[in-house]
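# Tertiary structure, described
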Amino acid sequence: MAPPKQEKAPPYSKDEKVLCFHGDLMYEAKIIDVRVEPGKKADDAQYRIHYKGWKASWDDWVTHDRIRKFTEDNKQLASQLAQARMRAPGAKGVKKGVKATGSEMSSARGSEERAAASSSFAGRGPRRGRDYELETEEAFHTRPSIKLIIPDVIKALLVDDWENVTKNTQLVPLPHPKPVTKILEDYSAYEMPNRLPGSSHADILEETLSGLREYFDKSLGRILLYKFERPQYAEVHKKWNSSDPEFQGKTASDVYGAEHLCRLIVSLPELIAQTNMDQQSVNRLREELAKFSTWLSKKTTDYFVSSYETPAQDYVDRAKN
């Protein structure tokens with residue numbers, strides 16, 4: 001007699017630590033209960049979620065599309081989404097006492113209301129590593145609102161970028177056909193004619209673009225790479241000090257392109273908190289970055305790669321180990 005067929009278990013289990021979407025952000029959470037309704041498949045299970053640091057009144061029943069495994073890559077995505085959340089006037093994320101439904105939180109791709117905070121190029125510089133910090137309910141409602149609206153096109157490309165690298169194990173081809181230096185030069189050629197030569201507005205534009213390049217060069221290896229990309233970066237970094245004419249003497253902004261530049265833009269809220277810029281300088285910088293982001297969002301076909309490359313299996317093995 002054949003043994004009875006074992007039923008498939010739900011993809012997540014009780015007491016498992018996970019990350020869960022709430023609105024357009026992800027938070028550390030614990031699954032406190034699992035239920036599968038009669039006649040339903042294991043993949044249709046519902047999970048009772050408790051968000052760490054939040055009161056039990058925020059516990060919620062969710063489906064698997066709201067949940068992500070508690071991995072380093074997913075923690076990086078949570079950090080990236082937090083940096084790109086909406087900070088428009090009067091907006092504080094999800095309103096207290098109002099809970100979104102599952103369809104409203106189903107995936108990062110549906111998070112069309114995120115925007116980035118403004119940025120800075122003075123002071124202490126970027127932190128080492130991409131820090132993932134838990135957030136309490138109180139902090140969620142009282143975060144400062146340094147406002148820079150990121151176009152929806154760029155937000156969607158950032159999520160696609162995350163999926164290509166962390167889920168599809170693909171890489172941006174390097175050297176990039178349109179590196180950061182080319183992007184900044186093209187934008188300067190476009191915008192500088194609108195500024196009076198020798199004026200403070202022309203100086204601010206020049207300083208902003210110079211600061212973007214400098215911050216990109218310093219930040220790339222520290223906070224802008226996913227784990228899967230690090231072996232590629234190590235290989236490229238060696239070539240910068242080699243006799244390879246394609247790479248010799250170059251920097252990150254000469255080799256990487258719009259995909260990584262946009263990661264910097266949404267990371268700037270964290271960086272500005274570590275500087276000593278005055279509010280007037282921050283406001284000016286915010287205006288310049290908003291103009292640049294809007295321009296770049298209209299040029300995505302020119303500056304973003306049309307497809308990512310799939311590395312050889314030995315690279316995949318090295319990256320995972």
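For clarity, every value in this text was computed on a predicted model and none was experimentally measured.

## So, the nonpolar core
Judged by nonpolar contacts, the single largest core of 40 residues is most densely connected at I183, F216, L220, Y256, L264, F292 and L296. Among the elements of the structure, α3 (152–167), α4 (180–191), α5 (200–223), α6 (230–240), α7 (252–255), α8 (258–272) and α9 (279–297) are those that each provide at least two residues to this core. Among the elements that take part in this core, α8 stands out by supplying eight residues, more than any other. Apart from the residues within four sequence positions on either side, L220 is in contact with L225, Y233, A252, Y256 and H260. Within the second largest apolar cluster, 32 residues are counted, among which are I49, A78, Y315 and V316.

## Observations concerning the pattern of salt bridges
Under the defined criterion, the tally for this structure stands at 14 salt bridges. Across the salt bridge formed by K75 and E72, the nearest N and O atoms sit 3.0 Å from each other. Remark: E72 and K75 occur in helix α1 (residues 72–83); sequence separation between them is three residues, near one turn of the helix. By relative accessible area, which is 51% here, E72 ends up exposed. Two residues, D254 and R213, come together in a salt bridge whose shortest N-O distance is 3.4 Å. With D254 in helix α7 and R213 in helix α5, this pair connects stretches of sequence that are 41 residues apart. Judged by its relative accessible area of 32%, R213 falls in the partly exposed class. A network of salt bridges, in which partner residues are shared, links D161, E229 and R263.

## What about the confidence of the model for the protein chain?
For the protein chain, per-residue confidence averages 78 on the pLDDT scale, and residues scoring 70 or more make up 74% of the total. Ranking the elements of the protein chain by mean pLDDT puts helix α2 (residues 137–142) last with 50 and α4 first with 97. Long-range and interchain partners of residues 86–132, a stretch whose pLDDT sits below 50, account for 160 contacts in this model, where long-range means more than four residues apart. Here residues 140–145 scores under 50 on pLDDT; set against residues more than four positions off or in separate chains, the count is 21 contacts.

## Structural notes on the packing of aromatic side chains
Geometrically, a pair of aromatic rings is defined through the distance of the ring centres and the angle of the planes. All told, the structure shown has 13 aromatic pairs when counted by the stated rule. Aromatic pair F228 and Y315: ring centres 5.4 Å apart, planes at 80 degrees, arrangement edge-to-face. Residue F228 is found in the loop between α5 and α6, and its partner Y315 is found in helix α11 (residues 313–320); the two are separated by 87 residues along the sequence. Grouped by ring-pair contacts, the aromatic residues Y187, Y190, F292, W295 and Y303 constitute a single cluster. Lying over the aromatic face of W61, R35 brings its terminal NZ or CZ to 3.8 Å of the ring centre.

Each value, and the rule that gives it
- Residues numbered from 1 in each chain as written.
- Predicted model: local features only at pLDDT ≥ 70, side-chain atom pairs only at ≥ 80, totals over all residues.
- Heavy atoms only, no water.
- Core = buried A, V, L, I, M, F, W, Y, C linked by side-chain atoms within 4.5 Å.
- Buried < 20%, exposed > 50% of the residue type's maximum accessible area, 1.4 Å probe, protein only.
- Helix = DSSP H or I, 4+ residues; strand = E, 2+ residues; numbered from the N terminus.
- Contact = heavy atoms within 4.5 Å.
- Salt bridge = Lys/Arg side-chain N within 4 Å of Asp/Glu carboxyl O.
- pLDDT = per-residue confidence, 0-100.
- Phe/Tyr/Trp six-rings, centres within 6.5 Å; stacked < 30°, edge-to-face > 60°.
- Lys NZ or Arg CZ within 6 Å of the ring centre and 35° of its normal.

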